[in-house]
Amino acid sequence: MTEANHRTALHIAVAASSLAAISALLVSVPHLTDYWTLVQLCVVVIAATRLRFPHGPASGASVASLVLVSVFVVAGPAAAVVVAAIGALFQARGVPPVKRMFNASQRTLSAGAGGLAYVLVGGPVGNAALDDLLRTVLAVTVGGIVHQIVNVLLVCIVMTLERGPQVAVELLKGVLPTVLPNLGYRYLGLLMAVVWMGGLGILAGVLAIVPLLVARWAYTQDEAERKAQAATMRAFIQVIETKDLYTRGHSERVSHGVGLLGRHLKLSAHRQHALEHAGLLHDVGKVGVPTRVIQKPGKLDDSEMDAIRLHPARGVELIGDIPFLEEVKSAVLHHHEKYDGTGYPAGLSGPNIPYFARMIGIVDAFDSLTSTRSYRPARSVDETLDILVHDRFTHFDPELVDSFVSVIKAEGWHPSTADQPVPDAAVEATVDHDDLSLGSGGGATGSAAGPT
């Protein structure tokens, strides 16, 4: 399908969803009875939609969903459709007209479907909900799930038409882990409804929304701080990599590689995040290594080798005062340990080497071998994988090597493409601090030299 056809199909889908939303609105209006309650609910949902913060994901959509679930209980599905439609009029500025139309129809149809499901499974409306809370909870569960399904389904349809089915598949993968947390929002909506009907009215909206908004504000502040810290670390990495053309992009590629391995091993989201940070920062201590040592093309003397060996400890010192990076310190400190205990700085062996450090050691060596160095050209991916397999049990954790080899064969790898000087074969070189190629017998079947 051409881009023009994609655009036409998208516009047709948006127009169809808009017509469906308008039809739902026209059907719902005659069923409204308590207009004062409706006005108050509209005020709360508008406040939930409009109250935003300058950083992070606090868009207000989840808070508005909370209010809409309370509308199912307080006033029924017809009121939910009208409240959703009115709330959708107060979207953020700068949203393109087509997207604005889709957002409005999406929210209206999702609210209508959720409210209708709530009533169809016997969910009581109004004060009757207080008399049968068990049925109300069950109905809110069903209505909340339907609300989510319709919401995601509409987005997937539009994403498929606009960017292709693969984008929609990736969206679903990202949404699935959020199903239970979003259902939790719906139960907060039920709590708001119970408090509302208990006599507080619109004040229930304040009691439910304000603490949630404060929590989201705190989250956005934390997220902004994390981004600032990550930017600082990336600046350190850029400083390091401007010292040596041959290692440019190395830290980013190691972070990407350990990310692939972590996902293959099904790490939790928190662990995955920490692992990728550790991969990015594993060489940050090189900022304290003299440039003349890093750029020296020939053999390093003992003092220069000592300067190189200190970079893991210096890296830990640099990130030591950043709380959210606490768990990556051991990975940065020990990523040059060897499985047989001959590495540095502590001579750890086997499973005594921190898990993340073992993973980074594999990817660190892999990227180094597949990148050009001043004294040799890059090796091929297949040849490098053979070297890693050969050095299982001596340099690397054998199980992690097997997993990494499987990942690279399945996912592929894009070695460094940076413009680099042609290697000088006449240079007498020592082993790069994270490069196992020298001493490998010139091929994948030799024994790898240890990092210096």
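The rules behind the values
Per chain, residue numbering runs from 1 following the sequence as it is written. The predicted nature of this model means local features are confined to residues of pLDDT at least 70 and side-chain atom pairs, given and counted, to a pLDDT of 80 or more, with totals for whole chains, interfaces and linings taken over all residues. To obtain the side-chain values, all non-hydrogen atoms of the structure were included, while hydrogens and water were left out. Throughout, an axis means a line fitted to C-alpha atoms (over the contacting stretch in the case of helices), and angles, computed between N-to-C directions, take values from 0 to 180 degrees. Helix and strand assignments come from DSSP, with helices taken as H or I runs of at least 4 residues and strands as E runs of at least 2, each series counted from the N terminus. An angle counts as roughly parallel when it lies under 35 degrees, as roughly antiparallel when it exceeds 145, as roughly perpendicular when it falls between 65 and 115, and as oblique in every other case. Throughout, a contact is declared for two residues whenever any of their heavy atoms are within 4.5 Å. Take the buried Ala, Val, Leu, Ile, Met, Phe, Trp, Tyr and Cys residues and link them wherever side-chain atoms come within 4.5 Å; each set so joined is a nonpolar core. A simple rule labels every residue: compare its accessible area, found with a 1.4 Å probe on the protein chains alone, to the largest value its type can have, and call it buried under 20%, exposed over 50%, or partly exposed in between. Helix crossings fall into two classes, left-handed where the near helix is turned counterclockwise from the far one by less than a right angle and right-handed where it is turned clockwise. Polarity classes work like this: nonpolar for Ala, Val, Leu, Ile, Met, Phe, Trp, Tyr, Cys and Pro, charged for Asp, Glu, Lys and Arg, and polar for all others, with Gly in that last group. Any pair of Phe, Tyr and Trp rings, taking the six-membered ring for Trp, is counted once the centres come within 6.5 Å. Such a pair is stacked with planes under 30 degrees apart, edge-to-face with planes over 60 apart, and tilted for the rest. Here the expected length of a helix is defined as 1.5 Å per residue gap, with one fewer gap than residues. What counts as a salt bridge is simple: a side-chain nitrogen of Lys or Arg found within 4 Å of a carboxyl oxygen of Asp or Glu. Patch membership is restricted to residues that have no salt bridge and whose relative accessible area is over 30%. Joining uses 9 Å for like charges and 5 Å for the nonpolar side chains Val, Leu, Ile, Met, Phe, Trp and Tyr. Methods summary: accessible areas were calculated by the Shrake-Rupley approach with a probe of 1.4 Å, and residue burial reflects only the protein chains presented.

A. Expanded view of the packing of helix α11 (residues 250-264) against helix α19 (residues 398-411). The contact between α11 and α19 brings their axes to 9 Å, and the two run at 105 degrees. If you check the angle between α11 and α19, you find them roughly perpendicular. Counted together, Gly-257, Leu-260, Leu-261 and His-264 of α11 and Leu-400, Ser-403, Phe-404, Val-407 and Glu-411 of α19 form the full contact between these two elements.

B. Here's a closer look at the nonpolar core. Membership of the largest hydrophobic core comes to 33 residues, with the highest contact counts inside it found for Leu-38, Val-45, Val-67, Val-71, Val-73 and Val-83. Elements with a contribution of two residues or more to this core: α2 (35-50), α3 (61-75), α4 (77-88), α5 (97-120), α7 (133-163) and α9 (179-200). It is α3 that provides the largest number of residues to this core, a total of nine residues. Ala-331, Val-381, Leu-385 and Leu-400 belong to the second-largest nonpolar core, a separate cluster that totals 31 residues.

C. Broad picture of the packing of α11 against helix α12 (residues 269-281). Remark: α11 packs on α12, axes separated minimally by 7 Å, with the N-to-C direction vectors making an angle of 155 degrees. Here α12 runs roughly antiparallel to α11, going by the angle between their axes. Crossing angle aside, the handedness with which α11 passes α12 is right-handed. Residues Ser-251, Glu-252, Val-254, Ser-255, Val-258, Gly-259, Gly-262 and Arg-263 of α11 form the contact with α12, whose own contacting residues are Gln-272, Leu-275, Glu-276, Gly-279 and Leu-280. Residues of the contact of α11 with α12, tallied by class, amount to four nonpolar, six polar and three charged.

D. Representation of the packing of aromatic side chains. Summed over the entire model, instances satisfying the criterion amount to three aromatic pairs. Plain terms: the ring middles of Phe-72 and Tyr-118 are 6.3 Å apart, the flat faces sit at 35 degrees to each other, and that makes the pair tilted. Linking Phe-72 in helix α3 with Tyr-118 in helix α5, this pair joins segments that are 46 residues apart in sequence. In terms of burial, Phe-72 and Tyr-118 fall into one category: buried. Centroid distance Phe-366 to Trp-413: 5.1 Å. Interplanar angle 75 degrees. Geometry classified as edge-to-face. Highlighted residues: Phe-366 in helix α17 (residues 355-369) and Trp-413 in the segment after α19, separated in sequence by 47 residues.

E. Structural view of the side chain of Ser-255. Relative to the assigned elements, Ser-255 resides in helix α11. The buried category is assigned to Ser-255, whose relative accessible area is 12%. Setting aside anything within four residues of it in sequence, one finds Ser-255 in contact with Glu-276, Gly-279 and Leu-280.

F. Quick look at α17. With 15 residues, α17 extends 22 Å from end C-alpha to end C-alpha; this agrees with the ideal 21 Å at 1.5 Å per step. Taking burial as the measure, the 15 residues of α17 include 14 buried ones, the bulk of the element.

G. A look at α7. Taking 1.5 Å per residue as the helical rise, α7 with its 31 residues ought to reach 45 Å, and the 44 Å between its terminal C-alpha atoms agrees with that figure. Taken together, the buried positions of α7 are occupied by Thr-136, Ala-139, Val-140, Thr-141, Gly-143, Gly-144, His-147, Gln-148, Leu-154, Cys-156, Val-158 and Met-159. Backbone geometry just after α7 places Gly-164 at a positive phi near 105 degrees.

H. Broad picture of the pattern of salt bridges. All chains considered together, the criterion is met by seven salt bridges. Across the pair Asp-306 and Arg-309 runs a salt bridge, and its minimum N-O distance is 3.5 Å. Note that Asp-306 and Arg-309 are positioned in helix α14 (residues 302-309) at a spacing of three residues, about one turn of the helix. Taking the shortest distance from any N to any O, the salt bridge between Asp-397 and Arg-358 comes out at 2.6 Å.

I. Spatial organisation of the environment of Val-195. As for its placement among the helices and strands, Val-195 is situated in helix α9. For Val-195, a relative accessible area of 26% translates into the label partly exposed. Placed 125 residues apart in sequence, Val-195 and Ser-70 show a C-alpha to C-alpha distance of 10.0 Å.

J. How the structure looks around a nonpolar patch on the surface. A surface patch of nonpolar side chains, amounting to about 360 Å² of accessible area, comprises Leu-116, Leu-120, Val-121 and Val-142. Checked against the element boundaries, Val-121 lands in the loop between α5 and α6 (128-131). With relative accessibility at 43%, the residue Val-121 sits in the partly exposed group.

K. Seen up close, unusual backbone geometry. The residue after Tyr-344, namely Pro-345, is reached through a cis peptide bond having omega 10 degrees. Within the fold, Pro-345 resides in the loop between α16 (329-334) and α17. Within the chain, Lys-266 stands out as a residue other than glycine whose phi angle is a positive 60 degrees. Even without being glycine, Phe-393 reaches a positive phi, approximately 80 degrees. Tracing the chain through its elements places Phe-393 in the loop between α18 (381-390) and α19.

So, to be careful, I would describe these as geometric facts and stop short of saying anything about function.
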